[in-house]
Amino acid sequence: WVIGDSLSKELLKASGLPPEKVRLVRPGDSFTVCGIGVEVFEGRHYDPDGSGTGVPAVMYLLTVGGKRIFLPADLRDYGADHLPVIDAPDVMIANIWLGRGTAGCTADGAYEEFCDFVAYYRPKKVYLGHVWEALRTPQDMWRWEHAGRIMDGLMFRMPTVTATPLQLFGCYEL
C-alpha cells in the first residue's frame, strides 16, 4: 500500500493494515515498486471555496509497461498555478468533482474547470471516477449525465481523446 504521509495515521488505524505493508509517501518522492515507477505530487483535496473543508492529499504519476498513468486522485482545486508540470500522460484517471451539493444543478463553471483541468494534461485516454458512488447523498452523487456532459466537453477540447466513466467491477485497458 502506498499512502500519503499526511493521511497515514487515520488510514492505517481504520484499515487494520500492518505498518510494514504500507509505504508512506510525500510530494517529491520518486521510487519503483513491483516494477512500477511512481512519482508523487501534492494534491488539493480541499473545497476551492476557501472553507477549509477537505484533507491533504497526493497525486501520482505511474510508469508501467512503457505507459504513463496520471492519478490526480481526489483533486478538488483545478487551478493551474499549483498543478504539477508533466509531459502528456497516456492515461489519466480523474475523479469528477463539480462542487458540494451541485449534482442536481448544471454547475456550468465546475464542468468547464474540470474539462480545462483534464485538457491541460492532454492525455490520450481519460477514465472518469466518482460516478454512482453508493455512499454519496443524491446532491453529491455524479451520475451518467454528469459524465456524459464532461465527455462532450473533453471531446470538444481534445477531439482525439477517449473518455470513459469507470464502473464497479469494470475491466479497462491502459
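The structure under discussion appears in the preceding block.
As a convention, each chain's residues are numbered from 1 in the sequence order in which they are written. In keeping with the model being predicted, local features are shown solely for residues with a pLDDT of at least 70 and side-chain atom pairs are shown and tallied solely at 80 or more, while totals for entire chains, interfaces and linings include all residues. Derived side-chain values reflect all non-hydrogen atoms in the structure, with water molecules and hydrogen atoms excluded from consideration.

A. Quick peek at the packing of aromatic side chains. Pairing of aromatic rings covers Phe, Tyr and Trp, the last through its six-membered ring, and needs centres within 6.5 Å; plane angles under 30 degrees mean stacked, over 60 mean edge-to-face, and all others mean tilted. Going through the model one piece at a time under the given rule, you end up with five aromatic pairs. Relative to F117, the ring of F114 has its centre 6.3 Å away and its plane inclined at 55°; by these criteria the two rings are tilted. Taken as a pair, F114 and F117 lie in helix α2 (residues 108–121) at a separation of three residues, close to a single helical turn. As far as burial versus exposure is concerned, F114 and F117 are alike and both buried. Summarising the aromatic geometry, the rings of Y120 and Y121 are spaced 4.9 Å apart at their centres and angled 90° between planes, so their arrangement reads as edge-to-face. Note on Y120: relative accessible area 37%, which makes it partly exposed. For the purposes of this entry, the term helix denotes a DSSP run of H or I that reaches at least four residues, the term strand denotes a run of E that reaches at least two, and both are numbered from the N terminus. Whether a residue is buried, partly exposed or exposed follows from its accessible area with a 1.4 Å probe, protein chains only, as a fraction of its type maximum: under 20%, in between, or over 50%, in that order.

B. Fine view of the environment of C115. Note on placement: C115 falls in helix α2. A C-alpha to C-alpha distance of 17 Å links C115 and L166, two positions 51 residues apart in sequence. Residues are treated as being in contact if the distance between any of their heavy atoms lies within 4.5 Å. Dropping the residues within four chain positions of it, C115 is found in contact with I150, G153, L154 and R157.

C. Quick look at the nonpolar core. What is meant by a nonpolar core is a set of buried Ala, Val, Leu, Ile, Met, Phe, Trp, Tyr and Cys residues, joined one to another through side-chain atoms within 4.5 Å. If you look at the biggest cluster of nonpolar residues, it comprises 31 residues, and the most contacted ones within it are I96, L98, F114, F117, V118, I150 and L154. Looking at this core, the elements that each hand over two or more residues are β5 (54–64), β7 (91–95), α2, β8 (125–129) and α3 (144–157). Top element by residues in this core is α2. It accounts for eight residues. Excluding anything up to four places from it in sequence, F117 contacts P72, L75, Y78, L83 and M92. Grouped together as the second largest cluster of nonpolar side chains are 11 residues, V40, L62, V91 and Y127 included.

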